[in-house]
Each structure stands twice: as C-alpha cells, then as structure tokens.
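Close look at the chain arrangement
Listed below, chain by chain, are the residues.
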Amino acid sequence: VADSRLLALMDSGAEQGHKWDFICWLRLSLGASQVHALYSRAEDSYEHDGLIFVRIPGAAPLRGEVGPTLEFDEFFEQHLLSDVARRALVLFRHMLRDEAWRACFFA
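Quick notes on the rules
The residue numbers shown here count from 1 along each chain, following its written sequence. In view of the model being predicted, local features appear only for residues whose pLDDT reaches at least 70, and side-chain atom pairs are presented and counted only at 80 or more, with totals across whole chains, interfaces and linings using the full set of residues. Hydrogens and waters are ignored; side-chain quantities use all the structure's heavy atoms. pLDDT is defined as a per-residue confidence score from the predictor, taking values between 0 and 100. Starting at the N terminus, helices and strands are each numbered in turn, a helix being any DSSP run of H or I of at least four residues and a strand any DSSP run of E of at least two. A pocket here means an open set of points on a 1 Å grid, computed over the protein atoms alone, that has protein on both sides within 12 Å along at least five of seven lines. A cavity is instead a set of points where a 1.4 Å probe fits but cannot get out; residues with an atom within 4 Å of a point line either one. Grid points are joined across faces, edges and corners, and a volume is the space filled by probe spheres set on the points. Only buried residues count toward a nonpolar core. Its members are Ala, Val, Leu, Ile, Met, Phe, Trp, Tyr and Cys residues joined through side-chain atoms within 4.5 Å. Residue exposure (1.4 Å probe, protein chains only): buried if accessible area is under 20% of the type maximum, exposed if over 50%, otherwise partly exposed. The criterion used for residue contact is that any of the two residues' heavy atoms lie within 4.5 Å. Only Phe, Tyr and Trp rings are paired, with Trp represented by its six-membered ring, and only when their centres lie within 6.5 Å; those with planes under 30 degrees apart are stacked, over 60 edge-to-face, the remainder tilted. A ring is considered to have a charge above it if a Lys NZ or an Arg CZ atom is located within 6 Å of its centre and within 35 degrees of its normal. Salt bridges are counted wherever a side-chain nitrogen of Lys or Arg sits within 4 Å of a carboxyl oxygen of Asp or Glu. Regarding the arc, it is the one traced by the directions from the helix axis to the C-beta atoms.

1. Some details on the confidence of the model for the protein chain
Summary statistics for the protein chain give a mean pLDDT of 84 and a share of 97% for residues scoring 70 or more. Model confidence for the protein chain, summarised as mean pLDDT per element, is weakest for helix α4 (residues 99-105) at 82 and strongest for helix α2 (residues 72-78) at 89.

Okay, here's the thing in structure tokens:
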C-alpha cells in the first residue's frame, strides 16, 4: 500500500447488527497488471469469486493485460453490492466531484 485514506465510518445497518465499518481508500504500489498476475497465480484463487478492475472517472487508463474491467457506473449498476458497499461507493462518487478531494486521490 503506497497511500491510504480513511473516508468514513459507516453504520452497517440493522440487518448487520449496526456494526461500524471503516471505509478506506488505498493506493497500491503495484499496477493493475501486476495485481492481476498475482491473483491469477494465487494458490487460494478458488476461494474467491473473481477480480474485477473498476475504472474511476478521471483516472489514467489502465495499461497492459488486466483482466475484466468495468467503468465505475457500469460496475455500480450491474453488480449486487451490500448496503454498506453501495453507500461507500456513493460517497466516493460524490467525493470525486469535488476538486479538493480529486486532488487527494489523483496526486
């Protein structure tokens, strides 16, 4: 992890017993193609549903072979997400619209 930010502390909701979830943003020191290669070679990859790269609006394009890739809105609309994950992505999308926050993410 090259950089990280705590974005929010969210209530998981009644269904999950009102636990608190930390919503964090991480900048990895590896590129998407390196992450994909490591995932592909992982011994326990059978335990995971899959890996999807989501393009953040305004971010630099992904380079190299990275596997399945979706645009942010496409991912948000097409995938079943938990309530907390959905609210975290809504928060992130709002933050991306603010120039000061954008500077934090794309520094």
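2. Quick look at the layout of surface pockets
In this structure, the largest pocket encloses a volume near 1500 Å³. As for the largest pocket, its lining consists of 35 residues, of which W25, L26, L28, V54 and I56 are closest to the centre. Among the elements of the structure, β2 (20-27), α1 (32-41), β3 (53-55), α2 and α3 (83-96) are those that each provide at least two residues to the lining of the largest pocket. When residues in the lining of the largest pocket are grouped by element, the largest group, 5 residues, is from β2.

3. Regarding the nonpolar core
Across soluble globular proteins, nonpolar side chains have a tendency to be buried as a group. If you look at the biggest cluster of nonpolar residues, it comprises 17 residues, and the most contacted ones within it are L7, I23, L89, F92 and F105. Of all the secondary structure elements, the ones that give two or more residues to this core are β1 (3-11), β2, α2 and α3. Ranked by the residues each element gives to this core, the list is headed by α3, at 6 residues. With residues near it in sequence (within four places) discarded, F92 still touches L7, W25, I56, F72 and F105.

4. Digging into unusual backbone geometry
Of note in the backbone geometry, H18 takes a positive phi value of approximately 50° without being a glycine. Inspection of the secondary structure assignment puts H18 in the loop between β1 and β2.

5. Looking at the packing of aromatic side chains
If you walk through the whole model with that rule in mind, you get 1 aromatic pair. Just above the ring of F76 sits the side chain of R86; from NZ or CZ to the centre is 4.6 Å.

6. Focus: the pattern of salt bridges
One pass over the structure, following the stated rule, counts 4 salt bridges. Across the salt bridge formed by D3 and R5, the nearest N and O atoms sit 3.0 Å from each other. Judged by relative accessible area, which is 27%, D3 ranks as partly exposed. The exposure class of R5 is partly exposed, given its relative accessible area of 25%.

7. A few points about α1
Burial in α1 covers these residues: A32, V35 and H36. End-on, the buried residues of α1 take up no more than an arc of 100°, which puts them together on one face. On its buried side, α1 packs onto β3.

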